[in-house]
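Examining the three-dimensional arrangement
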Amino acid sequence: MWLSHVLRRNLARDPQGVALRDGRRTVTWRDLARDVAALAAALSDAVPPGGRILVLSGNRVEVLEAYFACAVAGVVAAPVNPQLTGPEISYIVNSVQPGLALADEPGRQRLTAGWPELPRLAIEDPPGLPDVPDFGARLAAGAALTAPVAVLHTSATTGRPKGVVVDQRSFQLNATSWLADVGVPAGTVFLNACPLFHGSMVIALDYLAAGATVCVLDRFTPGGCLTALESWQVQHAFLVPSMVRLLLESRALIGADLAALRLVAHGAAPMEPDLAEQARNRLGVELQTIFGITEGGGPVISLRPGDKPGDPPVRGAVCAGMPMLGTDVRVVDSDGAPAGVGQVGEIHLSGDGLMQGYWRDPDATAEVLVNGWLNTRDLGCLGADGYLWSLDRRNDLILRGGQNVYPAEIEHVLRQSPDVADAAVVPTPSPAWGQTPVAFIEPAAGAALSEGDLIELCITQLASYKRPSRFVVVDQIPRNPAGKILRNILRERAERLSAKNAEEIAP
Amino acid sequence: MTGARALIRASLDLPALLDRITDDDDLIESGVNSGEIVRIALQCEQRLGRALSDDELTNLSTVRAVAELLGGPSITVPGPPPGPGPARKAVG
């Protein structure tokens, strides 16, 4: 009901106001309502209630139209990262069993080649679909607040993607918390520079709930982003730290008119203090830190521009902020008891924004969701004043330029090589991307291991952002007596190698 | 082509990837990711001393294209400045 309510409210208040904009189209609330009603009718004709719609498309306003249409039709959107390889997409298709795909031109070409039996619609079609008579009435329907509306796929500790099932109650809660903790003045223009298949797409829905204009960038380039910020008079933007760094490095920043830009909300990874300082000074903006997790329904913790968290209670901790409206946080020690102030433990979340569970995987769901609390597996601690400090995002998670990469997925691919006896992947610091994966390889007995073969394996099996930045051959992958990889030892080794590399490169 | 290859190599997380890419291979199809393409473009901007146009950016898809861009008319600058200046903001 939530997204159809958002549509009807804004249609009534400001039918000619601009809801969405990209390089191809400007979509008013009236256009959006018409398109969504028409697309919802087409989706209802194609799949039964609760059926899945695969969304395979680059960023464009019609991806957001598709999410609204799924909510109105009572079907479930399953967006897929177009950067994934064929085998990666096949796994998701087999898991969610979509009845229809909405895809852009490159996506349709891939579907024709790889999944010819899957019916498909051009995602750019809604403006050309026949009008639905009395579309206001059509929008009055809408699926129940607690019916699944999207399955968002995350890379996972098991090496296979997991589908995070969210409902419109999660969207509603998220919009409430964004309006309370970030604030969206009337008429705000927001730039969505991040991929719309990602959990952060809820932020675009939050701005639409407030009646703001959402501008969609097809893909991030520093010059393209600066042009969009300038020409669309953008006031709020959500970026990841790597994007901020690239903007600051761009020649196009010289003389760019960012007069309208007031706030950059940034997420996905901690922003180094010097980068934050440069961003404030050279972009002339306030910064707001957002700590989000797909399983939590998106943004859950935030550090506002005026917040003064003081010194970290534990060395190396980064302040994530305070829980956003509707989210409760606790830190739990290794015995499952609440950790004391300044004591490091696992961060747990509760609230109406949490996922319903992993798609058709009750065992995996039960591992992280217990009595209404989500175990993020991120490590952190609470300060005396209630601020949450993040120490490490899940022991093994790699945050590469805003994308989550799980070592297990890369290790699974590398172990497919007959020349590889064992493999372990850990993060290493990267000035450009925050972190990149480094692969430690234990060759099979007598194998003539070639780096070229490993690269080839990664190119065919893994999306390019998951590819290791270095392969290191070792005699043996270190494991404890229980067989668990000793990742900390490898992380330290990878960091030493990176530091050595930096010294060699430095003049 | 050597200069272009050195510039691309410095922009890749895994420099050895470039050894598998011919001058006319599509960089993205060969496994270079979109973030690395952005870094290649920024390096070209540094080298040329100016921002790239949208068309130049779109055409930056092969080693040869990078070489041609770098070989084109360039503004000679006595070493790159420490960084771009601040963006313009409204006063008040």
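Residues numbered from 1 in each chain as written. Chains lettered and ligands numbered in written order. Predicted model: local features only at pLDDT ≥ 70, side-chain atom pairs only at ≥ 80, totals over all residues.

Digging into the overall build of chain B
Here is the rule: Only DSSP runs of H or I with at least four residues qualify as helices, and only runs of E with at least two residues qualify as strands; both kinds are numbered from the N terminus onward. C-beta atoms are first placed from the backbone for all residues, and any pair lying within 7 Å is then listed as a contact.
A count of helical and extended segments in chain B gives 4 helices and 0 strands. Look at the contacts in chain B between residues 6 or more apart in sequence, and 59% of them connect residues 24 or more apart.

Details of the environment of I441 of chain A
All names here are of chain A. This is how it is decided: For every residue, the other C-beta atoms within 10 Å of its own C-beta are counted; 20 or more classify it as buried, 12 or fewer as exposed, and values in between as partly exposed. C-beta atoms are placed from the backbone.
Within the element layout of this structure, I441 appears in strand β25 (residues 434–443). The class for I441 is buried, based on 26 C-beta atoms found within 10 Å. Taking C-alpha positions, I441 is 31 Å from T365, a pair spaced 76 residues apart along the chain.

As for the pairing of strand β24 (residues 420–430) of chain A
Applicable threshold: Note on pairing: DSSP must find at least two bridges between two strands before they are called paired.
Alignment of β24 of chain A against β25 of chain A, held across 10 bridges, turns out to be antiparallel. Across the sheet, residue V420 of chain A finds its bridge partner in β25 of chain A, namely P443 of chain A.

Some remarks on the interface of chain A and chain B
The line we're drawing: Put simply, Ala, Val, Leu, Ile, Met, Phe, Trp, Tyr, Cys and Pro go in the nonpolar bin, Asp, Glu, Lys and Arg in the charged bin, and everything else, Gly too, in the polar bin.
Taken together, the contacts link 36 residues of chain A with 27 residues of chain B. Of all the secondary-structure elements, those providing two or more residues to the side of chain A that touches chain B are α9 (222–231), α10 (241–249), α11 (273–283) and α14 (451–461) of chain A. Taken together, the residues that form the side of chain A that touches chain B break down as 16 nonpolar, 12 polar and 8 charged.

As for the domain arrangement of chain A
All names here are of chain A. This is how the line gets drawn: Domain boundaries shown here were taken from an automatic or database domain assignment.
Looking at the assigned domains, one finds that chain A contains domain 1 (2–287) and domain 2 (398–505). Computed from C-alpha atoms alone, the centre-to-centre distance between domain 1 and domain 2 is 33 Å. Those elements giving two or more residues to the side of domain 1 that touches domain 2 turn out to be α4 (86–96) and α10. Residues belonging to the side of domain 1 that touches domain 2 are distributed by class as follows: 8 nonpolar, 9 polar and 1 charged.

Topic: the confidence of the model for chain B
Residue and element names in this part refer to chain B. Quick note on the threshold: Note on scores: pLDDT gives the predictor's confidence for each residue, bounded by 0 and 100.
For chain B, mean pLDDT is 81; residues scoring 70 or higher make up 78% of the total. Below a pLDDT of 50 lies the segment residues 73–82, which in the model reaches 7 contacts outside its immediate sequence neighbourhood of four places, other chains included. The ipTM value of the predicted complex is 0.75, and its pTM value is 0.85.

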